[in-house]
Amino acid sequence: MNGSGVRLARGQDHAGREGRRTRLGELLVGREALDRTRLAEALDRQRTTGRRLGRLLLAKGWASSGAVAGALAEQWGLGQADLAGDPPDPGLVEPALADLYITHRILPWRRDAGTIVHVTDRPERAAEALAAVGMRAGAVAVTGTHQLDAAFAGVLGQALARRAASRTPPTESVRGLASVRLVAAFAVVALAGAMAAGGRAGLAIVVSLLLIVNSGTTVLRLFALISGLGRERAGRQDLPAGTVGLAPRCQLPVVTLLVPLFREAGMIGEIVRALEMLDYPRELLDVKLLLEEEDAATRTAVGALDLPGWVSPLVVPHGQPRTKPRAMNYALDFAEGEIIGILDAEDRPAPDQVRRVVAALHAAPAEIACVQCQLAYYNATENWITRCFQIEYSIWFDVLLRGFQRLGLPIPLGGTSVYFRRAALERLGGWDAHNVTEDADLGMRIARRGMRCGVLDSVTEEEANCRAGPWIRQRSRWLKGYLLTWLSHMRAPARLWRDLGAGGFLGLNILFLGAAVSYLAMPLFWASMLGSLATGAAVWGDALPGWAVWPLAVSLALGQAVMLGCAALAMLRRGTPGLLVWVPTLPIYWTLGAIAAWKAVIEIVWAPYYWDKTRHGISRIFHQAEARRE
């Protein structure tokens, strides 16, 4: 056919003849593409996992994609299409049918004698797929799974990329906040003007507002701390009571792991090594390395690797906003798993993490939409910044996050090592592609839909920022996202109250607004302290109303005491009591956060969707490990 040598058969004639077909494994053995020992093992694993034999063989590396496609074509009396050399005709593809094409794994390929020929990697469902895209009958050819995915991206990529940028409804996305951002910016300027014009009276207003926010933050942290006391137990995982492991004969699901990569050419080997350490069955892993179209260096680095069959690159078409959540939304259309997990380029998840997540979600109630694993740093002792960063992470994951969960508050998720039920993720509209802390926002949207998040004590190690500049840029993005998330959910306060109730409403405001305000107020804190040391008098003494002086003092003192208590409990839980000696230096460390916070405020107005990329591979410990491997 046009020199392709492809034989064709009509899709409607394929069904109902399974009993007269040679089995796929036998065809592969006959073609000398698979030996009988491997076939026997593959069939045994297929009975255990329920995975399609072709996908199982590809994942294990026991047969090539071309060999599987050729055997499937022979089994079903069809021809084989090589899409790498003969790609689909874009003029035959209807972008409006993109969902149906991808769901049913079929795509128009070319026209032959007036008939549109479709390609698929699932010939057993050809008739059903043709009917789904409006074809009562038609010619079908078989192609490899990776070739078909590449073809989807080639002819539907731009349409899917546009959808990825707007998958979340505008009423729930920060992309609809232009007017709200301007009002917020005006409020900040007006408040600063009041301070400048009103002198101490203006300062009194600001300090009183800070008293309210700081008190709320302190009380929330205190309750989170108290809720976790006395509830330690070996091997705990904070999911609902009754959570148990999967039975040995229980069929495991396919898990898709999305690994967004941008300017990460030097980290490709690291993440692939970490993935290979996972003990989950390879045939049930579907790993997507998400590469940006304009990032030639990372694409080249990935292309130079001999990736296992269960790992495949996926190129995200150029477009705006160029953010991690947009890339993940795009990949969601290509994901096979019923569980979707996220890993970053520098992550080192515990080898049993995926298996434990699957067990937890299997046993958890349906309203548990996701599981958040703990994060830690493998270079925590590299320098002062990394030590303080580790203390922060330990406080958050080992104390506060668990406390918020037990208090029934919405949980801001972490951006990595979080695993979703696919159905819940799709119901939520995926990630907000315009939010630079899409993880925290998604945690709030989960709560507003009546779902919950579980916390699992499986640890993923990351690389902590060990230099002030990259740390400030990363923290600035986080705080910008927190403020945008707060603005997004508070655009309709009454509806937010109805969705979350009084506790959730207050919790959201304290979590997001309190975190940002604490950093924004840091210059005022240092100015007052240094002024007091220089003059010997309390700078705020005459500025504050009498009723506010003692409450402010108590609030600040209690806030420090609560943080010390959280740090002590967190260090004990992590088994790192040696880091406690660094806790008193946190106020100095948080001063870097003040710089980041004011940078975030400026960007909210001028560059709200700009993703300030975190640099990886700069740690001395990382380079030492690389040198040892060489």
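**Thoughts on the sheet that holds strand 8 (residues 311-316)**
- If you trace the eight strands from one edge of the open sheet to the other, you get 8-7-6-9-12-11-13-10, paired in mixed fashion. If you trace the sheet from one side to the other, it starts and ends with strand 8 and strand 10 (348-349), each paired once.
- Pairing of strand 10 with strand 13 (residues 452-462), which is carried by two bridges, proceeds in the antiparallel orientation. If you follow R348 over to strand 13, its bridge partner there is E461.
- Where helix 12 (residues 324-332) meets the sheet, its contacts fall on strand 6 (255-261), strand 7 (285-292), strand 8 and strand 9 (339-342), and the angle it forms with strand 8 comes to roughly 120°.

**Brief notes about the packing of helix 7 (residues 145-165) against helix 12**
- Put simply, helix 7 and helix 12 touch, their axes get as near as 9 Å, and they point 130° apart. The angle between the axes of helix 7 and helix 12 places the two elements in the oblique class. When you trace helix 7 past helix 12, the crossing you get is right-handed. Of the residues in helix 12, those in contact with A153, G157, L160, A161, A164 and A165 of helix 7 are R326, N329 and Y330.
- Classifying every residue of the contact of helix 7 with helix 12 by side-chain character gives six nonpolar, two polar and one charged.

**Description of the pattern of salt bridges**
- According to the stated counting rule, one finds 34 salt bridges in the structure shown.
- The partner of R105 in a salt bridge is D121, with the nearest N and O atoms 2.9 Å apart. Of this pair, R105 sits in the loop between helix 5 (98-103) and strand 3 (106-112) while D121 is found in the loop between strand 4 (115-120) and helix 6 (126-132), placing the two residues 16 residues apart along the sequence. The same class applies to R105 and to D121, which are both buried.
- With a closest N to O distance of 3.3 Å, R167 and D333 form a salt bridge. Placement of R167 in the loop between helix 7 and helix 8 (178-198) and of D333 in the loop between helix 12 and strand 9 is noted, with a sequence separation of 166 residues between them.
- For R167, a relative accessible area of 21% translates into the label partly exposed.
- Here the salt bridges share partners, and the residues they tie into one network are R105, D121, D149, D286 and K288.

Definitions and cut-offs
Residues numbered from 1 in each chain as written. Predicted model: local features only at pLDDT ≥ 70, side-chain atom pairs only at ≥ 80, totals over all residues. Heavy atoms only, no water. Pairing = 2+ DSSP bridges. Helix = DSSP H or I, 4+ residues; strand = E, 2+ residues; numbered from the N terminus. Contact = heavy atoms within 4.5 Å. Axes fitted to C-alpha atoms, helices over the stretch in contact; angles between N-to-C directions. Parallel < 35°, antiparallel > 145°, perpendicular 65-115°, else oblique. Left-handed = near helix turned anticlockwise from the far one by under 90°. Nonpolar A, V, L, I, M, F, W, Y, C, P; charged D, E, K, R; others polar. Salt bridge = Lys/Arg side-chain N within 4 Å of Asp/Glu carboxyl O. Buried < 20%, exposed > 50% of the residue type's maximum accessible area, 1.4 Å probe, protein only.

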